[in-house]
Amino acid sequence: MDDFREPERGRQTLQMIGDFARAVGLSPSALREYGESGLIPPATVEERTGYRYYSLDQQQRGIWIRRLRDAGLRLDRIHEVLDGSPAVADAVLDDWLAESRQRTSSLSDLVDDLKLSLRAHAGEHPARRTSASFDAAVLASAMGQLGPSTGHDDAFDTVLVELHPHAATVASTDRFVLLARTDVPARVDGPPARVCLPVADTLTWLRGRRSAELILEQPVGREHRTRELHIALRDPDGGELGWDSPTDLFPDVHRIIAAAGPTGRRVAFARDDLRMLVDGADADSIRLVTDEARARLMIGRRTSHGTASGPDADLELSRSALARVVEVAAEGEITCDVGHQDEPLLWRSPRQPDFAAMMMPRMA
């Protein structure tokens, strides 16, 4: 029998497939499959025996493949993450994370509903209950910042409150702009839930109070959630405001914000410059143009200058929609992730990291 020795390439030590498989936590059969697909081909294959050898510097890639696969990412998407550009990898990972969160939320709803239904059949007749404790001034500030401006349709004189395990999202819309604060502090007890609150009544009740507990109770069964939802705001002294839920006209805020950015193309402007641009303008069409590192917003003879990164863009925006974003954004710089002509623009305020505003460009 010929004397066997591990092949070497210079100083690079190679491992046989079994040793490498144990080191990275993959099976030899999986490595063969991934090698054939180009996901992690062996460093060398011995011609005489067909033995596969892997280099030590391939171990980290193998570990990432195993971790991503075990977490549920498809192999073709793993290939895009590990071999694509940073922008492609970021987009794939962001999409996957958003999809995973949505699946987790749907699964949580399914499990909660089934538990409650089983208990109801046993005669317990439970209600699904979620409560959230807020600093009253913090909740009022978020609602007052985003709440509809005067003159809007009464149907939109509400804000959406989405309750998550460790915080709340507060959002408003006027059909043309979606405004949100995605991380309003709250102590939430119970499954995730969402409710629309009338702005005027809620702000009046919150005024002068130090804390407030928002309580949502609904009977078992998905078909009852809108019709029989009971809502109440309570304070530690026993004060209470209760009402039936207004019509919910809102999308899944977290999901659409996650889907909107980042796009790889971003502009930034000073908020004060944008305010001067939109205030008093007669036309309702603004042109956004980016050229290399420069960005311009133009309406008539007025121009606001900013900075840009990513591919060039040339879009038409609604002045009134942009004015609404500028009205509620925090002082300082305003940034915008710009997609294609048929994709929403996502505005952010760095001084208020949880602020987000979405609007569609005008169609040419």
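Every value quoted in this text rests on a predicted model; they were computed, and no experiment measured them.

Rules used in this analysis
Along each chain, residues carry numbers from 1 onward, in the same order as the chain's sequence is written. With the structure being a predicted model, the display of local features is reserved for residues of pLDDT at least 70 and the display and counting of side-chain atom pairs for 80 or more, all residues being used for whole-chain, interface and lining totals. Excluding hydrogens and water, the side-chain values take into account all heavy atoms of the structure. Going along the chain from the N terminus, every DSSP run of H or I of four or more residues is numbered as a helix, and every run of E of two or more is numbered as a strand. We call two residues in contact whenever any of their non-hydrogen atoms come within 4.5 Å of each other. Relative accessible area decides the class of each residue, using a 1.4 Å probe on protein chains only: under 20% of the type maximum gives buried, over 50% gives exposed, and in between gives partly exposed. Here a polar contact means two N or O atoms within 3.5 Å. Within protein one must be a hydrogen donor candidate and the other an acceptor candidate, and residues neighboring in sequence count only if both atoms are side-chain atoms. Note on geometry: axes are C-alpha line fits, over the in-contact stretch for helices, and angles between N-to-C directions span 0 to 180 degrees. Orientation categories follow fixed angle ranges, with anything under 35 degrees roughly parallel, anything over 145 roughly antiparallel, 65 to 115 roughly perpendicular, and all other angles oblique. With the far helix as reference, a near helix turned anticlockwise by less than a right angle produces a left-handed crossing, and one turned clockwise produces a right-handed crossing. Put simply, Ala, Val, Leu, Ile, Met, Phe, Trp, Tyr, Cys and Pro go in the nonpolar bin, Asp, Glu, Lys and Arg in the charged bin, and everything else, Gly too, in the polar bin. Here a patch means residues that are over 30% exposed by relative accessible area and free of salt bridges, tied together within 9 Å if like-charged and within 5 Å if nonpolar (Val, Leu, Ile, Met, Phe, Trp, Tyr). To measure how exposed things are, a 1.4 Å probe is used in the Shrake-Rupley method; for residues, cover is taken only from the protein chains shown. Think of a salt bridge as a Lys or Arg side-chain nitrogen and an Asp or Glu carboxyl oxygen that are within 4 Å of each other. How sure the predictor is of each residue is captured by pLDDT, a score from 0 to 100. Working definition of a nonpolar core: buried Ala, Val, Leu, Ile, Met, Phe, Trp, Tyr and Cys residues. They are joined through side-chain atoms within 4.5 Å. Any pair of Phe, Tyr and Trp rings, taking the six-membered ring for Trp, is counted once the centres come within 6.5 Å. Such a pair is stacked with planes under 30 degrees apart, edge-to-face with planes over 60 apart, and tilted for the rest. Either the NZ atom of lysine or the CZ atom of arginine qualifies as a charge over a ring when it sits within 6 Å of the ring centre and within 35 degrees of the ring normal. Between any two strands, pairing holds if DSSP finds at least two bridges.

## Some words on the environment of V81
The topology assignment puts V81 in helix α4 (residues 75-83). Here the alpha-carbon distance between V81 and V92, two residues eleven residues apart in the chain, equals 6.7 Å. Aside from chain neighbours lying at most four places away, what touches V81 is L73, A89, V92 and L93.

## Considering helix α6 (residues 136-146)
Residues that lie three or four places apart on an α-helix share one face, since the helix turns once every 3.6 residues. All of the buried residues in α6 are A136, L139, A142, M143, Q145 and L146. For α6, the side-chain oxygen to backbone nitrogen distance between the N-cap and A137 is 2.9 Å, and the N-cap itself is D135.

## Notes on the packing of helix α9 (residues 271-278) against helix α10 (residues 319-328)
Each pair of packed helices gets described by two things: the angle between the helix axes and the distance between those axes. Put simply, α9 and α10 touch, their axes get as near as 10 Å, and they point 140 degrees apart. The angle between α9 and α10 falls in the class oblique. Relative to α10, the crossing made by α9 is left-handed. Contacts from R271, L274, R275 and V278 of α9 reach α10 at R319, L322, A323, V326 and E327. Its residues placed into classes, the contact of α9 with α10 shows five nonpolar, no polar and four charged.

## Let's talk about the side chain of T130
Relative to the helices and strands, T130 is located in strand β5 (residues 127-135). A polar atom in the side chain of T130 sits 2.7 Å from the backbone oxygen of P191. Those residues in contact with T130 that sit more than four places away from it in its chain are L163, V188, D189, G190, P191, A193, L214, I215 and L216.

## Focus on a nonpolar patch on the surface
Taken together, the side chains of L107, L110 and V111 make up a nonpolar region of the molecular surface, amounting to roughly 270 Å² of accessible area. Topologically, L107 is positioned in helix α5 (residues 86-121).

## Brief notes about the confidence of the model for the protein chain
Of the residues in the protein chain, 87% reach a pLDDT of 70 or more, and the chain-wide mean stands at 85. The low-confidence segment residues 1-11 (pLDDT under 50) makes twelve contacts with residues lying over four places distant or belonging to another chain.

## Re unusual backbone geometry
Across the chain, the bulk of peptide bonds are trans and the bulk of non-glycine residues have phi less than zero. Of note in the backbone geometry, R175 takes a positive phi value of approximately 85 degrees without being a glycine. You can see R175 is positioned in the loop between β7 (167-173) and β8 (177-185). The exposure class of R175 is exposed, given its relative accessible area of 54%. Of note in this structure, E292 is not a glycine but carries a positive phi near 60 degrees. Mapped onto the secondary structure, E292 falls in the loop between β15 (285-291) and β16 (294-299). Note on E292: relative accessible area 62%, which makes it exposed.

## As for the nonpolar core
General note: in soluble globular proteins, nonpolar side chains tend to be found buried as a group. Within the largest apolar cluster, 59 residues are counted, with the highest numbers of intra-cluster contacts made by F134, L214 and W347. Once residues within four sequence positions are removed from consideration, W347 is found in contact with L274, L317, L322, V325, I334, T335, C336, F355, A356, A357 and M359. If you look at the next biggest cluster of nonpolar residues, it comprises 19 residues, including F20, I40, I65 and L68.

## Quick look at the packing of aromatic side chains
Aromatic rings considered in pairs are described by the distance between their centres and by the relative angle of their planes. Within the structure shown, the criterion is met by one aromatic pair. Between the aromatic rings of F20 and Y54, the centroid separation amounts to 4.6 Å while the plane-to-plane angle is 10 degrees, which identifies the pairing as stacked. With F20 in helix α1 (residues 17-24) and Y54 in strand β4 (residues 52-55), this residue pair connects regions lying 34 residues apart in the sequence. Of the residues examined, F20 reaches a relative accessible area of 0% and is grouped as buried. For Y54, a relative accessible area of 0% gives the class buried. One cation-aromatic arrangement involves R209 over W205; the distance from NZ or CZ to the ring centre is 4.0 Å.

## What to know about the pairing of strand β20 (residues 345-349)
Strand residues, when the strand is regular, have side chains that alternate between the two faces of the sheet. Burial within β20 is extensive, with four of its five residues counted as buried. With three bridges connecting them, strand β19 (residues 333-337) and β20 associate as antiparallel partners. The residue of β20 that forms the bridge with T335 is R348. By the bridge criterion, five bridges tie β20 to strand β21 (residues 352-359) in an arrangement that is antiparallel.

## Notes on the pattern of salt bridges
By the definition in use, this model includes 20 salt bridges. Here D354 and R181 are joined by a salt bridge, their closest N and O atoms 2.9 Å apart. Of this pair, D354 sits in strand β21 while R181 sits in strand β8, placing them 173 residues apart in sequence. Across this residue pair, the class does not change: D354 and R181 are buried. Ionic pairing is found between R324 and E327, a salt bridge with its closest N-O pair at 3.1 Å. Taken as a pair, R324 and E327 lie in helix α10 at a separation of three residues, close to a single helical turn.

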